[in-house]
Amino acid sequence: MPHVTPDLTRLYSRSDALALAGLVKKGEVSPSELVETAIAAIEALDPKLNAVVIRHFDLAREAAAAPPSDGLFAGVPFLLKNIGSSWKGTRLDGSIRFRENFVCGDDSEMARRMRASGLIPLGRSNVPENGWCIATEPRLYGPTINPWNEAVTPGGSSGGSAAAVAARLVPLAEASDGGGSIRVPASCCGLLGLKPSRGRIPYGPPDADIWFGCVYFFALTRTVRDSAAFLDATAGNLPGDPYVPPRAESGTWLASLAQKPRRLRIGYTLSSPWGPPFAPQVKAALKDTVALLEAFGHHLEEHRVTADLEKAWIDYNQVNAVEIARDLDAQAEWAGRPLRQDDLMAFNWAQYQRGRSQSATGFSASFAGIRKAGRDIAAELAPYDAFLTPTLTQLPRPVGYWDMNEPDFDAYIARWTDAAFMFAFNISGLPAISVPALLTTERIPVGVQLVGRYGDEATLLRLAAMIENARPWIQNRPGVCVE
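Below: a short report on this structure. (Residues numbered from 1 in each chain as written. Predicted model: local features only at pLDDT ≥ 70, side-chain atom pairs only at ≥ 80, totals over all residues. Heavy atoms only, no water.)

### Quick word on the packing of helix α3 (residues 31-49) against helix α4 (residues 57-65)
Part 1 of the reasoning: At a minimum axis separation of 8 Å, α3 and α4 run at an interaxial angle of 160 degrees. Taken together, the axes of α3 and α4 are roughly antiparallel relative to one another. Crossing geometry of α3 relative to α4 is assigned as right-handed. Within the contact between the two elements, α3 uses Pro31, Ser32, Val35, Glu36, Ile39, Ile42 and Glu43 and α4 uses Phe57, Ala60, Arg61, Ala64 and Ala65.
Part 2 of the reasoning: Residue classes in the contact of α3 with α4 are distributed as 8 nonpolar, 1 polar and 3 charged. (Axes fitted to C-alpha atoms, helices over the stretch in contact; angles between N-to-C directions. Helix = DSSP H or I, 4+ residues; strand = E, 2+ residues; numbered from the N terminus. Parallel < 35°, antiparallel > 145°, perpendicular 65-115°, else oblique. Left-handed = near helix turned anticlockwise from the far one by under 90°. Contact = heavy atoms within 4.5 Å. Nonpolar A, V, L, I, M, F, W, Y, C, P; charged D, E, K, R; others polar.)

Below is the structure:
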């Protein structure tokens, strides 16, 4: 077994995924050395963070010992999300107790592409029970700690992935997003979080569609170039996919980072679509980013979003409740028994009951509502090359604020005004990226969101790269971090 040295640990914690893969390809470090370094980091720090709840170290060691891949991320350790890709031989339970023994029997297409890129999974990251929360505090595994400030949430549902990447346990980790679950944890943990365009990453072969194209799979990273390379490694449609986004230009997303964006027309908002006004630190982060983008030579103009996002949020949750109830019934069928109330936390049980109680016409009306709202959002932002919003309208909430023991479905979702700018781009299909913008005096990260035209991740990545070059957030290190 390779010996983990302080020098290797230091190199590992200060390198992004592409840098580590470059060292592997040059023969300066082996995949086994990287895997052992990552395992040592997890064993040292995860008792504090609680980010890695399912461990597959033996599988990782076996993969690291195999002939090296020639993929973009050859030999790089990473984490799967515990609501994520089906990777053969790994456990996947979604933090639901009755699924604890479920093991994936095959690879999804996303897993095949990650495997082909050379990534080596060490296990799965913590998620809220069944995922529908912007904190990560499941009953099954307990809360994940934010490595920047343990008093506040690391976000959800990809909170375990975000905490692990921010603390340098791994350079990148899988994430998914049905209402902000890539972007919210990115903001809470000072990371980059890209939600691609609808259809950019395939669902197959297990699924043809998830939530009518409103769920997105990707990763959390510390650098823009890692996100661009991950998009190159995983994007592309399967035959018969229901959504096929255009490619804005030829070539790779990674190569496109070298191209300076032309002068862009960028809209921004300083107003909440509903709910309380932005927290002062959030507003400061937005204004600071506006000034930076203007200094780059772009044209910025303020615009208040007029689409009825509050109604769309209610419709979205009605649709999701039905989709989640259908999925839970399928899981109960796998378990071989009906779902019981004590199988789920109170909110999830209430959501399940709401989904099962809806009429077909009620579901159809809600679905029509989100489709219209998605079109309205896209049409309203069409004049802009990019649009700037907060990621969260408030600072990350204290641990326990998003307690899923709330039994009142409507009351719980009504509190989600912090994420008012998240789901809008799930239902519209537009790409969106959360970029680190500010670190408060309490060492709490604040992110801002850039939204692009459908299919135009390239512009967002180039803008994010400009911000990264001007204010390199990778130099910031949380209190809980691999040295």
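From this point on, the discussion continues.
### Focus: the side chain of Asp46
Part 1 of the reasoning: Tracing the backbone through its elements, the reader meets Asp46 in helix α3.
Part 2 of the reasoning: Excluding residues that lie within four positions of it along the chain, Asp46 makes contacts with Ala41, Ala51, Val52, Arg55 and Leu169.

### Looking at helix α1 (residues 6-13)
Part 1 of the reasoning: Those residues of α1 not exposed but buried are Leu8, Tyr12 and Ser13. The buried residues of α1 occupy an angular sector of 130 degrees when the element is viewed end-on, so they sit on one face. Opposite the buried face of α1, at more than 90 degrees from it, the exposed residues are Pro6 and Asp7. (Buried < 20%, exposed > 50% of the residue type's maximum accessible area, 1.4 Å probe, protein only. Arc of directions from axis to C-beta.)

### Considerations on the pattern of salt bridges
Part 1 of the reasoning: Applying the stated criterion across every chain, the model contains 26 salt bridges.
Part 2 of the reasoning: A salt bridge links Asp385 to Arg262; the shortest N-O distance between them is 3.0 Å. In this pair, Asp385 is assigned in the loop between α13 (360-381) and β9 (386-390) and Arg262 in the loop between α9 (253-256) and β7 (265-268), connecting sequence segments 123 residues apart.
Part 3 of the reasoning: By relative accessible area, Asp385 is classed as buried at 9%.
Part 4 of the reasoning: In this structure, the salt-bridge partner of Asp343 is Arg337, at a minimum N-O distance of 2.9 Å.
Part 5 of the reasoning: Owing to a relative accessible area of 7%, Asp343 belongs among the buried residues under this scheme.
Part 6 of the reasoning: When salt bridges that share partners are traced, they join Arg337, Arg340, Asp342 and Asp343 into one network. (Salt bridge = Lys/Arg side-chain N within 4 Å of Asp/Glu carboxyl O.)

It is worth stressing that arrangement in space is one thing and function is another; only the former is reported here.
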